[in-house]
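Each chain is listed here by its residues.
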Amino acid sequence: MSPEGKTLLNIIILGLGFMVMFTAFGTCGNIEQTVIKSFNSTEFHGSGYTSMAIIYAVFSASNLIAPSVIAVIGSQLSLFFSGLVYSGYIAVFIHPYTSSFYTLSVLLGIAAAVLWTAQGNLLTINSKDATIGRNSGIFWALMQFSLFFGNLYIFLAWRGKSHITDKDRQTVFITLTVISLVGNFLFFLIQRADPEPAPSDASESPLPADISDSSSVVPSQSLCSQAFDAFKKSIQLAMTKEMLLLSIPFAYSGLELTFYSGVYGTCLGAMNQLGDDAKGLIGLSGILIGVGEILGGGLFGILDKCNRFGRNPVVFLGLFIHIVAFFLIFLNIANDAPVAPEEGTQMQAFIHPSVTVALICSFLLGLGDSCLNTQLISIVGFLFRDDSASAFAVFKFVQSITAAIAFFYSNYLLLHWQLLIMVLTGFLGTITFFVVEWGIIDSRRGSDYDSI
């Protein structure tokens, strides 16, 4: 197999591994708050929102040490062992206890930092300047199929149910645990990328040896030294002008991740006005979020349609789509839906709640998210390819800390305040992304610019 074919296959396997694993975990995150409200146990006092806040808070802090872990054990093993923790978190819901629930939340935060830093590292290693955008789109589209399959299962399993029984819960989470374990083992199929010969033109240098590549490590360098160097690189990158500007769109991606992956499904489940099948609607909503994610990944990654115009139009389109979705949600969903009890909200929305409008919003949330994230992955991989693991760690640090904050305030803030926070952050983040992209265009003017 040619080197180009091998790297493309690696990207596909990476995407399939994440697709299978997040079929389980993404579905778990989407339904856990609804499931917790239905527990028939007086001994369990956990909150799905609080758990997610813990996960993302620990995730944020752990991103500072994730490159060090990858430097020591490599990206492939980092993916596998992190995936095992994901499986353990899902398994907690089979027989839930408050202590184990929150303990696994902490461990999952650490594992998530290692997992996503390793993913960004492998994506960059297996990409060139000209293929980073395409490969980002392929990975993103494959991974987002997880939303389709997992939520289709929830829709079929819970269709017509107004209450989730213990048997319903156990059946779902045993299935999800097995699925996540299958995804973990797919990572062992990823092959080592062949190094490229160094060209004479420094401006077109190939992918450098990455920190996860053991052959690039000086033999006499101790593991502690490697780990410390990786940590120091992360801190230095976080202080660069480009990374500081990109931190705003990173933050916005964390806020809207919280909303579409947890809060919106909870809102739909609380809307009695949407009919007796509100719980099953959570799964259908997740399917349409996945369809939007897959479509966006295909249009702006696989088909690489953004080459001609750069990244800015795609990011602007993503913001516009999200604003439309937020406005429709503002009209269609009751203000107290995020914090309503299992019996649902009794408040009225501005319009008569419509299932069709709710599902259109689900699709728009997924499409807008894919527009943003494919371009964030692309620009980070392009700007910081020499230190990809450290750069993606900073990306996930900012994204996860804002997601943690959002999951925390979702316990208390009404819907309209949550929407307002996302709109304001999204506007500011789009502007700062534009500034960074314009800087890239200026620095590359006069040379080929086909690297998006």
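In this report, the structure presented in the accompanying data block is examined. Quick caveat, the model's predicted, so the values are computed rather than measured. (Residues numbered from 1 in each chain as written. Predicted model: local features only at pLDDT ≥ 70, side-chain atom pairs only at ≥ 80, totals over all residues. Heavy atoms only, no water.)

### Considering empty space enclosed by the protein
So, step 1. Per the stated rule, a full pass over the model turns up 6 cavities of 30 Å³ or more.
So, step 2. Lining the largest cavity are 29 residues, with Phe22, Tyr56, Leu257, Tyr260 and Ser261 positioned closest to its centre.
So, step 3. Considering each element in turn, the lining of the largest cavity owes the most residues, 6 residues, to helix H6 (residues 132-158).
So, step 4. Of the residues contributing to the lining of the largest cavity, the split by class is 15 nonpolar, 11 polar and 3 charged.
So, step 5. In terms of domain composition, the lining of the largest cavity takes at least three residues from each of domain 1 (1-191) and domain 2 (240-446). (1 Å grid on protein atoms, 1.4 Å probe; cavity = no way out; pocket = protein on both sides within 12 Å on 5 of 7 lines; lining within 4 Å. Points joined across faces, edges and corners; volume = space filled by probe spheres on them. Helix = DSSP H or I, 4+ residues; strand = E, 2+ residues; numbered from the N terminus. Nonpolar A, V, L, I, M, F, W, Y, C, P; charged D, E, K, R; others polar. Domains from an automatic or database assignment.)

### Concerning the packing of aromatic side chains
So, step 1. Scanning all chains against the criterion turns up 29 aromatic pairs.
So, step 2. The interplanar angle of 55° and the centroid separation of 5.6 Å between the aromatic rings of Phe22 and Trp116 together place this pair among those described as tilted. Placement of Phe22 in helix H1 (residues 3-37) and of Trp116 in helix H5 (residues 98-125) is noted, with a sequence separation of 94 residues between them.
So, step 3. Where Phe80 meets Phe185, the ring centres are 5.2 Å apart and the plane angle is 65°; that geometry is what we call edge-to-face. Of the two residues, Phe80 sits in helix H4 (residues 75-91) while Phe185 sits in helix H7 (residues 166-186), which places them 105 residues apart along the sequence. (Phe/Tyr/Trp six-rings, centres within 6.5 Å; stacked < 30°, edge-to-face > 60°.)

### Quick word on helix H2 (residues 48-62)
So, step 1. In a regular helix each residue adds 1.5 Å, so 15 residues correspond to 21 Å; H2 covers 21 Å between its end C-alpha atoms and thus fits that length.
So, step 2. Summarising burial for H2: 11 of the 15 residues are buried, a large majority.
So, step 3. All of the buried residues along H2 are Gly48, Tyr49, Ser51, Met52, Ala53, Ile55, Tyr56, Val58, Phe59, Ser60 and Ser62.
So, step 4. Taken together, the buried residues of H2 touch H1, helix H3 (66-73), H4, H5, helix H9 (241-270) and helix H13 (388-409). (Expected span 1.5 Å × (residues − 1). Buried < 20%, exposed > 50% of the residue type's maximum accessible area, 1.4 Å probe, protein only. Contact = heavy atoms within 4.5 Å.)

### Re the packing of H6 against helix H12 (residues 355-383)
So, step 1. Running from N to C, H6 and H12 point in directions that differ by 135°, and their axes come no closer than 9 Å. Judged by the inter-axis angle, H6 sits oblique to H12. For the pair H6 and H12, the crossing hand works out as right-handed. Within the contact between the two elements, H6 uses Ile132, Gly133, Ser136, Gly137 and Trp140 and H12 uses Asp369, Ser370, Asn373, Thr374, Ile377, Ser378 and Gly381.
So, step 2. Considering only residue class, the contact of H6 with H12 consists of 3 nonpolar, 8 polar and 1 charged. (Axes fitted to C-alpha atoms, helices over the stretch in contact; angles between N-to-C directions. Parallel < 35°, antiparallel > 145°, perpendicular 65-115°, else oblique. Left-handed = near helix turned anticlockwise from the far one by under 90°.)

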